[in-house]
Amino acid sequence: MSFVDQLGFTFKAPDRRVWIVRDLVAAVRTHLEREYGDVWVEGEISNFRAHDSGHLYFTLKDRDAQIKAVMFRSQARLLRFRPENGMQIILRGRVTVFEKGGDLQLSAKYLEPKGAGALQIAFEQLKSKLEAEGLFEQARKKPLPALPQCIGIVTSPQAAALRDILNILRRRHHSASVLIYPAQVQGDAAPAEVSAGVRYFNRAKKVDVIIIARGGGSAEDLAAFNHEGLAHIVAASEIPVISAVGHETDFTIIDFVADLRAPTPSAAAELVIRSRQDIEEQAESLRLRLARAMRYRLLMARQALTEAAHHGAFGRMMDGINRRQQRLDDLRFRLETSERRLIEQHRRRWERASGAVRHYDARRALAGIRRELASQTAAVAAAMKTSLQRNRGRIDQLEHQAKALSPVAILARGYALVFDSSGKLVKSSAQVEIREKIFARLANGTLTARVEKKE
């Protein structure tokens with residue numbers, strides 16, 4: 001539409017553009033994300049909220065302004081510390097607009113604590129949490145065995161720390177056995193592999209003590225040993241665990257949880273097993289102490305015995321012993337005398353019996369007995385022979401009568417025994433029916449037949 005003013009000039013009114021709210025917010029968001037797609041913002045965290053989905057929501061503020069911020073789960077799971085209200089941080093991300101609420105907000109990709117590093121804050125947070133749970137208490141820590149027969153080591157097979165441990169063990173006590181569980185000791189996979197090694201030794205029950213070993217390194221290199229899951233695995237171990245991670249000035253979470261912390265892997269080898277020389281020296285020291293104690297006890301016993309010997313009660317006791325000893329000697333003498341007298345009596349009786357037997361002719365008596373025995377044996381044999389012949393004749397007669405009366409003998413003359421299907425002897429045709437199966441017993445064998453006709 002055109003208009004003419006008082007001076008005669010002609011002008012055209014500007015076109016109106018009416019936005020839909022969603023389109024306007026989307027356009028603003030696109031412009032902001034293009035202009036502020038990668039920004040670093042410093043501020044203080046407030047209204048922090050960790051959602052069940054894993055997303056983090058908070059407000060970043062300073063003295064004069066504030067802006068909402070969100071960190072999605074994919075980036076939040078990479079954080080090495082847990083954000084808290086009041087924490088001063090530096091945020092890297094992009095400026096965007098939450099369309100549903102129309103709110104300006106920051107979408108964070110990276111958070112960094114200002115001042116102390118993220119790893120140090122994560123270390124302090126986890127340390128405070130585990131200490132509150134009681135995992136650092138000295139009362140729950142197990143003592144090391146004095147002389148372990150088998151030592152389990154969880155470390156990298158290529159680590160210099162492993163060679164140091166083996167060299168010291170070989171020098172101090174070469175008879176100790178060693179089992180090595182290979183595990184990464186640096187990187188994201190290290191906590192899981194070290195935990196698996198501790199669990200394996202606890203299941204196998206083959207070692208007396210476990211050493212977790214790694215040489216020195218930066219805080220990032222040792223971060224794997226500041227893992228909460230690994231700390232709980234070490235605390236739950238039924239076998240004593242020695243932490244030998246880093247140098248003497250390096251501290252990790254498992255140093256506080258383990259039953260003993262060694263300043264270095266080499267020191268762990270020296271702590272876990274005493275040298276053979278130390279054991280021999282201690283054994284010699286114990287032997288000397290035992291010998292001195294025995295000599296002292298013998299000396300005291302001898303002194304007590306000497307004092308008792310001079311006591312009046314001891315003299316009376318000795319008199320009583322002497323009287324009983326004298327009575328014992330008297331009884332022994334009387335017993336020996338009685339024994340000699342009995343032996344002499346038995347000797348004389350034996351001589352008299354021997355003389356009487358000497359005048360008795362045993363061979364003549366034996367010959368008479370032998371003749372009488374032979375006569376009686378012949379009579380018994382004749383009687384038995386007569387009885388056997390009489391019984392044999394009787395048996396033959398009975399056998400002849402049994403054969404004459406036996407049905408089988410009758411069958412031999414051409415007769416047969418007929419039975420019905422139930423096994424009953426058939427004496428009349430009325431007992432069976434037409435087509436009924438019957439059985440015939442012959443002198444030699446049986447027949448099966450069927451009734452065709454009855455008369």
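To keep things clear, this report deals only with the structure shown in the data block. (Residues numbered from 1 in each chain as written. Predicted model: local features only at pLDDT ≥ 70, side-chain atom pairs only at ≥ 80, totals over all residues. Heavy atoms only, no water.)

## Comments concerning the overall build of the protein chain
Working step 1: Regarding its fold elements, the protein chain presents twelve helices and 15 strands.
Working step 2: Counting all 455 residues of the protein chain, 26% fall into the buried class.
Working step 3: Counting only carbon and sulfur atoms, one obtains 55% of the accessible surface of the protein chain, whose full area is about 32,000 Å². (Helix = DSSP H or I, 4+ residues; strand = E, 2+ residues; numbered from the N terminus. Buried < 20%, exposed > 50% of the residue type's maximum accessible area, 1.4 Å probe, protein only. Areas by Shrake-Rupley, 256 points an atom, 1.4 Å probe, with all protein chains shown as cover.)

## Considering the sheet that holds strand β11 (residues 241-245)
Working step 1: Across the sheet, five strands lie side by side as β9-β8-β10-β11-β12; this open sheet has parallel pairing. Looking at strand neighbours, the two that pair on one side only are β9 (177-182) and β12 (260-261), the edges of this open sheet.
Working step 2: Across two bridges, β11 lies against β12 in parallel orientation. Directly across from S243, in β12, lies its bridge partner R261.
Working step 3: Together, β8 (150-155), β9 and β10 (209-214) form the strand contacts of helix α4 (residues 160-172), whose direction differs from that of β8 by roughly 165°. (Pairing = 2+ DSSP bridges. Contact = heavy atoms within 4.5 Å. Axes fitted to C-alpha atoms, helices over the stretch in contact; angles between N-to-C directions.)

## Some remarks on the packing of aromatic side chains
Working step 1: Applying the stated criterion across every chain yields a total of four aromatic pairs.
Working step 2: Ring plane angle 70° and centroid distance 6.4 Å describe the contact between Y181 and F201, whose orientation is recorded as edge-to-face. Remark: F201 occurs in helix α5 (residues 190-204) and Y181 occurs in strand β9; sequence separation between them is 20 residues.
Working step 3: The class of Y181 is partly exposed, set by a relative accessible area of 23%. (Phe/Tyr/Trp six-rings, centres within 6.5 Å; stacked < 30°, edge-to-face > 60°.)

## Quick look at the pattern of salt bridges
Working step 1: Applying the stated criterion across every chain yields a total of 13 salt bridges.
Working step 2: Overlapping salt bridges bring together E344, R347, R348 and E351 as one network. (Salt bridge = Lys/Arg side-chain N within 4 Å of Asp/Glu carboxyl O.)

## Structural notes on the pairing of strand β14 (residues 437-441)
Working step 1: Only one face of β14 is covered, namely the one carrying I438 and A440; the face carrying K437, F439 and R441 has none of its residues buried.
Working step 2: Of the pairings in the sheet, the one linking strand β13 (residues 417-419) to β14 comprises three bridges and is antiparallel in character. What sits directly across from F419, in β14, is F439.
Working step 3: Bridging between β14 and strand β15 (residues 446-450) involves five bridges; their strand directions are antiparallel. Directly across from K437, in β15, lies its bridge partner R450.
Working step 4: The turn joining β14 and β15, which pair antiparallel and follow one another in sequence, is formed by four residues; a positive phi near 105° is taken by G445.

## Notes on unusual backbone geometry
Working step 1: Of note, N47 is a non-glycine position whose phi angle comes to about 55°, a positive value.
Working step 2: Position of N47 among the secondary structure elements: in strand β3 (residues 39-50).

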